Amino acid sequence: QVQLVESGGGLVQTGGSLGLSCAASTRTFDTYAMAWFRQAPGKEREFLATISRNGGVTRYADSSGRFTISRDNAKNTVYLQMNSLKPEDTAVYYCAARVGNTYVYTSGYDYWGQGTQVTVSS
């Protein structure tokens, strides 16, 4: 069982930046691919980014370059740096973990955090 705890959410103005963290309670963090998703009110949960077990491979939902995923296996933590934020980025942001390779669909992840709210004001 892996517990994931997100932090770093909050209120930010349009154009601002925010960094999210997700701490995992496991001694085998480096066996999990990690990902970030988000869910806005009334919408389905959507994939944002994923990173491989050793951090060597990353995949993103879009190529804008506004979001960057990274991980520190020594700290059992995955990060999501978000820049140039827009009001439409307002959502609850979740991290997720799965054994094995990266994956872009929610169904592929075994463990989820409780989410952290990000609100971007216009």
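Cut-offs and rules
- Residues numbered from 1 in each chain as written.
- Predicted model: local features only at pLDDT ≥ 70, side-chain atom pairs only at ≥ 80, totals over all residues.
- Heavy atoms only, no water.
- Helix = DSSP H or I, 4+ residues; strand = E, 2+ residues; numbered from the N terminus.
- Disulfide = S-S within 2.5 Å.
- Buried < 20%, exposed > 50% of the residue type's maximum accessible area, 1.4 Å probe, protein only.
- Salt bridge = Lys/Arg side-chain N within 4 Å of Asp/Glu carboxyl O.
- Phe/Tyr/Trp six-rings, centres within 6.5 Å; stacked < 30°, edge-to-face > 60°.
- Lys NZ or Arg CZ within 6 Å of the ring centre and 35° of its normal.

Draft legend 1. Fine view of unusual backbone geometry. With a phi close to 55°, Asn76 is a non-glycine residue in the positive phi region. Mapping Asn76 onto the fold places it in the loop between β7 (67–72) and β8 (77–82). Even without being glycine, Ser84 reaches a positive phi, approximately 50°. Mapping Ser84 onto the fold places it in the loop between β8 and β9 (91–99).

Draft legend 2. Just the state of the cysteines, in detail. If you walk through the whole model with that rule in mind, you get one disulfide. Residue Cys22 pairs covalently with Cys95 via a disulfide, S to S 1.9 Å. One disulfide, between Cys22 and Cys95, carries an S-S torsion of 45° and so falls in the right-handed class. Residue Cys22 is located in strand β3 (residues 18–25), and its partner Cys95 is located in strand β9; the two are separated by 73 residues in the primary sequence. The burial state of Cys22 is the same as that of Cys95; both residues are buried.

Draft legend 3. Summary view of the pattern of salt bridges. The final tally for this structure, using the stated rule, is three salt bridges. Look at the salt bridges and you will find they share partners, linking Arg38, Glu46, Arg66 and Asp89 into a network.

Draft legend 4. Examining the packing of aromatic side chains more closely. With the rule as written, the count across this model stands at six aromatic pairs. Residues Phe37 and Phe47 carry aromatic rings whose centres are separated by 5.7 Å and whose planes lie at 70° to one another, so their mutual orientation is edge-to-face. Taken together, the residues span a long stretch of sequence, with Phe37 in strand β4 (residues 32–39) and Phe47 in strand β5 (residues 46–51) at a distance of 10 residues. On the basis of relative accessibility, which here comes to 0%, the residue Phe37 falls in the buried class. Judged by centre distance (5.5 Å) and plane angle (75°), the rings of Phe37 and Tyr109 are edge-to-face. Note that Phe37 is positioned in strand β4 and Tyr109 in the loop between β9 and β10 (111–112), a separation of 72 residues in sequence. Both residues of the pair, Phe37 and Tyr109, belong to the buried class. The cationic tip of Arg45 hangs over the ring face of Trp112; the distance from NZ or CZ to the ring centre is 4.8 Å. Just above the ring of Phe29 sits the side chain of Arg71; from NZ or CZ to the centre is 4.4 Å.

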